[in-house]
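One-letter residues, chain by chain:
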Amino acid sequence: MSAHEPGGTAPGTDPAPDTGLAAPRTADDQPRYEPPPSVGKLFFWVLLFVLAAVVVVVGGVYFA
């Protein structure tokens, strides 16, 4: 197949990778989504990022 035929790709290129963004379908053809994170898990991630920011700022003040 050449790049000009339907379904062909240009030579030396890979087909587009599957990004995993499409929601899987169930038996009744309805999209299925993951549940949102729990409040505790969300709080943990926010706390982790705040702690990392504090470490960066304190490290910058200490080494300046």
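How each quantity is defined
- Residues numbered from 1 in each chain as written.
- Predicted model: local features only at pLDDT ≥ 70, side-chain atom pairs only at ≥ 80, totals over all residues.
- Heavy atoms only, no water.
- Phe/Tyr/Trp six-rings, centres within 6.5 Å; stacked < 30°, edge-to-face > 60°.
- Buried < 20%, exposed > 50% of the residue type's maximum accessible area, 1.4 Å probe, protein only.
- Patch = residues over 30% accessible without salt bridge, like charges linked within 9 Å, V, L, I, M, F, W, Y side chains within 5 Å.
- Areas by Shrake-Rupley, 256 points an atom, 1.4 Å probe, with all protein chains shown as cover.
- Salt bridge = Lys/Arg side-chain N within 4 Å of Asp/Glu carboxyl O.
- Helix = DSSP H or I, 4+ residues; strand = E, 2+ residues; numbered from the N terminus.

S.K.: Describe the packing of aromatic side chains, and please don't skip the residues or the numbers.
M.R.: Between two aromatic rings, the relevant description is the distance of the centres plus the angle of the planes. As enumerated under the stated definition, the model contains 3 aromatic pairs in all. Ring plane angle 70 degrees and centroid distance 5.5 Å describe the contact between Phe-44 and Trp-45, whose orientation is recorded as edge-to-face. Residue classification places Trp-45 among the partly exposed positions, given a relative accessible area of 42%. The interplanar angle of 80 degrees and the centroid separation of 5.0 Å between the aromatic rings of Tyr-62 and Phe-63 together place this pair among those described as edge-to-face. In this structure Tyr-62 comes out as exposed when scored by relative accessible area, which is 65%.

S.K.: Give me a nonpolar patch on the surface: which residues, what numbers.
M.R.: Together, Leu-42, Val-46, Val-50, Val-54 and Val-58 give the surface a local cluster of nonpolar side chains, amounting to about 420 Å² of exposed area. The residue Leu-42 is located in helix 1 (residues 39-63) in this model. Since its relative accessible area comes to 48%, Leu-42 is described here as partly exposed.

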